[in-house]
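# Inside the fold
In case you want the letters, here they are:
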2 protein chains.
Amino acid sequence: MALLVIAPDLEMTPFVEQLHTLDPELEIRIWPEFGNADDIEFALTWYHPPGELKKFINLKCIASFGAGVDHILRDPNLPPGVLLTRVVESSMPQFMSEYVILAVLNYCRQFDIYKEDKINKQWQPRIPLLARDIRIGIMGLGQLGADAATKLIQLGFEVIGWSRTPKTISGVLSFAGDDALANFLSQANILICLLPLTSATKGILNRNTFEKLPAGAYLINVARGEHLIEKDLLDALKSGYLSGACLDVFNVEPLPEDHPFWNHPNIMITPHISSLTDPKAVMPQILENYHRMKSGKPLLHVVDVERGY
Amino acid sequence: MALLVIAPDLEMTPFVEQLHTLDPELEIRIWPEFGNADDIEFALTWYHPPGELKKFINLKCIASFGAGVDHILRDPNLPPGVLLTRVVESSMPQFMSEYVILAVLNYCRQFDIYKEDKINKQWQPRIPLLARDIRIGIMGLGQLGADAATKLIQLGFEVIGWSRTPKTISGVLSFAGDDALANFLSQANILICLLPLTSATKGILNRNTFEKLPAGAYLINVARGEHLIEKDLLDALKSGYLSGACLDVFNVEPLPEDHPFWNHPNIMITPHISSLTDPKAVMPQILENYHRMKSGKPLLHVVDVERGY
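Owing to the predicted nature of the structure, the values given are computational and were not obtained by experimental measurement. (Residues numbered from 1 in each chain as written. Chains lettered and ligands numbered in written order. Predicted model: local features only at pLDDT ≥ 70, side-chain atom pairs only at ≥ 80, totals over all residues. Heavy atoms only, no water.)

### As for the pattern of salt bridges
For the structure on display, the rule yields 28 salt bridges over all chains. Close ionic contact of R109 of chain A with E98 of chain B constitutes a salt bridge, the shortest N to O distance being 3.2 Å. Here the residue R109 of chain A occupies a position in the loop between α3 (91-108) and α4 (111-119), and E98 of chain B occupies one in helix α3 (residues 91-108), the pair thus bridging two chains. Owing to a relative accessible area of 2%, E98 of chain B belongs among the buried residues under this scheme. Between K231 of chain B and D235 of chain B there is a salt bridge, with its nearest N and O atoms 2.7 Å apart. Separated by four residues within a single helix, K231 of chain B and D235 of chain B lie in helix α8 (residues 230-239), roughly one turn from each other. On the basis of relative accessible area, K231 of chain B is assigned to the exposed category, the value being 54%. Given the relative accessible area of 34%, D235 of chain B is considered partly exposed. A cluster of three or more residues bridged by salt bridges with shared partners is formed by E27, R29 and D39 of chain A. (Salt bridge = Lys/Arg side-chain N within 4 Å of Asp/Glu carboxyl O. Helix = DSSP H or I, 4+ residues; strand = E, 2+ residues; numbered from the N terminus. Buried < 20%, exposed > 50% of the residue type's maximum accessible area, 1.4 Å probe, protein only.)

Here's what the structure looks like:
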């Protein structure tokens, strides 16, 4: 049996080297050179070509290379009955929370404006947004959302959260389910999306959502581009429902050169770098699951396919 | 008796209104309209004109409007035997730590570079600086330095500190005194200056200091402009001892239009906004000391003039 790595858009060499170092006996196949398809019982994937995994009739586990599995579930021709796993590791929330805090403080303390002032050699102190006057709303209170919430509270911000089911995080007022969404949104001066991408959350950042926020709210999307209806964001910025946005993910990546976001003065753009997969932390987890599968033990971080995470 | 407000460069109206609201009986004089100089027993000051305070022969207390008293002590003609006080309040460290964290994350997560990429419509993920690979050195472990250190540790950074006398802050390796400075500097990838300005710390951010840092270190100065020898910073950036700097304070403020910092690509400039004096929090403290003085009680936050803070 063998482990297949199928991640066409990623430079996988450091990750494959890490697997080799951890287990020199492991037989690794790198797509598209997979040899005899019947050998493959475990696939490590990131945006595999849809339909491709059906070739492997002995496949028992599809392991996502990241925290999300939407890139696996978008394939309508997944082999049936195969377990899906995802990565859960501590450097991921650390890294994501850094980005979220940077985006929040960059907005409140107006570093973008001071950078423009610098270009104009202008010395102009401005009234900042005070943490005590701001409520941050986090959509999605999983491992990433909970870590960001806790750290923002430590910095003096008030944080509320919204998720599918009620969550208990110290200091966070938690809203759950569709019925509570409007109430949650009406109180969030900064809205942060950290939701998993599922059929229920796709397009959730839309006109309807933006209109429920306090006037002039700020949006931070670090989840998936498909959470956002991009045209609705442009309209909300134009009409003043939103004052600005910091976006790390987009419907199409890389963001096309002719996309209107590039020129918008109130949109900060980063190229999908908010979170980071750290091979030192991820590969031991992948390997652990591979050996658990071989010896028939229960796998770690198995995804509920109905829920989508 | 009366309280004199002497702060020529500040818009004091909101602060005076706050004092009036808190104590409608209080007699407030606003320099230069101070009436009979003999009435003045208490002066609330921010960069008063040197020599001016000698006019008030009944003066008992000079209260700084902020955390520092260097702007008082620079006057060689202070009336002798008058107590100096400073402001100590919780919103100040909160606000300062926000700035420090923003400056640190802005550097590590390369938002300046991504902003340039945005102008060029360039999608280019870059390798960030990881918190685990960075050691932050804080000079000055008073109320502000201790708060910043604690919050940076919560975000996953390693923090070391340097101060005149040894300090105990959970998680912070503390260095104290001149003999320990070189050892401290040799370990700090990001150097943050939060020292009080005294004769011992003036010009402490100089060539000698920069050369002891690890190559390519980053400087954040949020204390006083006079801590920094500005020419030495430009030389250190040129030679690579430093990779960049975020500066909120300068030798001359506002920073003159022809100053070379404005055009330097690796210097971030903000107009002395890192900390904030919040009238809601400060004025009750000033008033408390005024009434303590009137009734002969010991004052709060009295400065040791020899030490300078």
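Now that the structure has been shown, the text picks up again.
### Here's the deal with the sheet that holds strand β3 (residues 40-45) of chain A
Residue and element names in this part refer to chain A. Strands sit in the order β2-β1-β3-β4-β5 across an open sheet of five strands; the sheet is parallel. Every other strand in the sheet has two partners, leaving β2 (28-30) and β5 (83-85) as the edge strands with one partner each. Pairwise comparison of adjacent strand axes, ignoring direction, gives a mean angle of 25 degrees for this sheet. Sheet topology note: the strand β1 (residues 2-6)/β3 ladder contains five bridges and is parallel. Counterpart to I6 in the pairing with β3 is T45. (Pairing = 2+ DSSP bridges. Axes fitted to C-alpha atoms, helices over the stretch in contact; angles between N-to-C directions.)

### Re helix α9 (residues 279-294) of chain A
Residues and elements named next belong to chain A. For α9, built from 16 residues, the straight-helix expectation of 22 Å at 1.5 Å per residue is met to within 8% by its first-to-last C-alpha distance of 22 Å. Every buried residue belonging to α9 is among V282, M283, Q285, I286, L287, N289, Y290 and M293, and all of these are buried. Packing partners of the buried residues in α9 comprise β1, α1 (13-22), β3, β4 (61-64) and β5. Just downstream of α9, G296 is the residue with a positive phi angle, here 75 degrees. (Expected span 1.5 Å × (residues − 1). Contact = heavy atoms within 4.5 Å.)

### What about the relation of the copies chain B and chain A?
Once turned by 180 degrees and shifted 0.0 Å along the axis, chain B lies on chain A with an RMSD of 0.1 Å. Both chain copies can therefore be described as sitting about a two-fold axis. Using C-alpha coordinates, one finds that chain B approaches the rotation axis most closely at L102 of chain B, a distance of 2.9 Å. Of all interface residues in chain B, 100% are interface residues in chain A too; the two copies therefore contact each other through one and the same surface. (Least-squares fit on C-alpha atoms with pLDDT ≥ 70 in both.)

### Topic: the pairing of strand β10 (residues 217-221) of chain A
All names here are of chain A. Counting buried positions over the five residues of β10 gives five, a clear majority of the element. Of the two faces of β10, the one lined by A217, L219 and N221 and the one lined by Y218 and I220 are each fully buried. Where strand β9 (residues 190-193) meets β10, four bridges bridge the pair, whose relative direction is parallel. In the strand pairing of β10, I192 is matched with I220. Crossover connection from β9 via helix α7 (residues 207-212) to parallel β10: handedness right-handed. Two elements, β10 and strand β11 (residues 242-247), share five bridges in a ladder whose sense is parallel. Across the sheet, the residue bridging to A217 is L242, located in β11. Viewed along the sheet, the connection from β10 through helix α8 (residues 230-239) into β11 turns out right-handed. (Right-handed = clockwise from strand over helix to strand, strands pointing away.)

### Re the pairing of β9 of chain A
Residue and element names in this part refer to chain A. Every second residue of β9 is oriented toward a common face, with I190 and I192 on one face and L191 and C193 on the other, all of them buried. Note that strand β6 (residues 135-139) and β9 share four bridges and pair parallel. Following the sheet pairing, I138 is matched in β9 by I192.

### Let's talk about the interface of chain B and chain A
Contact residues are listed per partner, giving 52 residues for chain B and 52 residues for chain A. Interface area, chain B with chain A, both sides summed: about 4,700 Å², of which 68% is carbon and sulfur. Per-residue buried area on chain B facing chain A is highest for R109, K118 and W123 of chain B; these three make up 19% of the total on that side. Remark: the boundary between chain B and chain A carries four salt bridges. Inspection of the chain B/chain A interface yields 18 residue pairs in polar contact (both at pLDDT 80 or more). At the level of secondary structure, the elements contributing two or more residues to the side of chain B that touches chain A comprise α3, α4 (111-119), α5 (143-154) and β12 (267-269) of chain B. (Buried area = accessible area lost by both parts, 1.4 Å probe. Polar contact = N/O pair within 3.5 Å; in protein donor to acceptor, adjacent residues only side chain to side chain.)

### Concerning the state of the cysteines
Applying the stated rule across the entire model yields zero disulfides over all chains. Distance from the sulfur of C193 of chain A, which forms no disulfide, to the nearest cysteine sulfur (C246 of chain A) is 13 Å. Distance from the sulfur of C108 of chain B, which forms no disulfide, to the nearest cysteine sulfur (C246 of chain B) is 12 Å. Look at C108 of chain B and you get buried, because its relative accessible area is 0%. (Disulfide = S-S within 2.5 Å.)

### Description of unusual backbone geometry
Residue and element names in this part refer to chain A. In this structure, the amide linkage connecting W31 to the following residue, P32, adopts the cis form with an omega of 10 degrees. The residue P32 is located in the loop between β2 and β3 in this model. You will see that K121, though not glycine, has its phi angle at about 50 degrees, which is positive. By relative accessible area, which is 28% here, K121 ends up partly exposed.

### Things to note about the domain arrangement of chain A
All names here are of chain A. In terms of domain boundaries, chain A breaks down into domain 1 (2-89 + 277-295) and domain 2 (92-269). On a C-alpha basis, the centroid separation for the pair domain 1 and domain 2 is 32 Å. For the pairing of domain 1 and domain 2, the buried interface totals around 620 Å² over both sides, and the portion due to carbon and sulfur atoms is 49%. When the area that domain 1 buries against domain 2 is broken down by residue, the three leading residues are A67, D70 and E89, summing to 63%. In this assembly, domain 1 and domain 2 are joined by one salt bridge. Of the charged contacts in the structure, one is a salt bridge between D70 and R224, with a shortest N-O distance of 2.8 Å. Its residues assigned to classes, the side of domain 1 that touches domain 2 comprises five nonpolar, three polar and two charged. (Domains from an automatic or database assignment. Nonpolar A, V, L, I, M, F, W, Y, C, P; charged D, E, K, R; others polar.)

### Observations regarding the nonpolar core
In this structure, I192 of chain A together with I192 of chain B are the most contacted members of the largest nonpolar core, which totals 116 residues. The contact partners of I192 of chain B, leaving out residues within four places of it in the chain, are V100, V104, I136, G137, I138, M139, L152, I220 and V222 of chain B. (Core = buried A, V, L, I, M, F, W, Y, C linked by side-chain atoms within 4.5 Å.)

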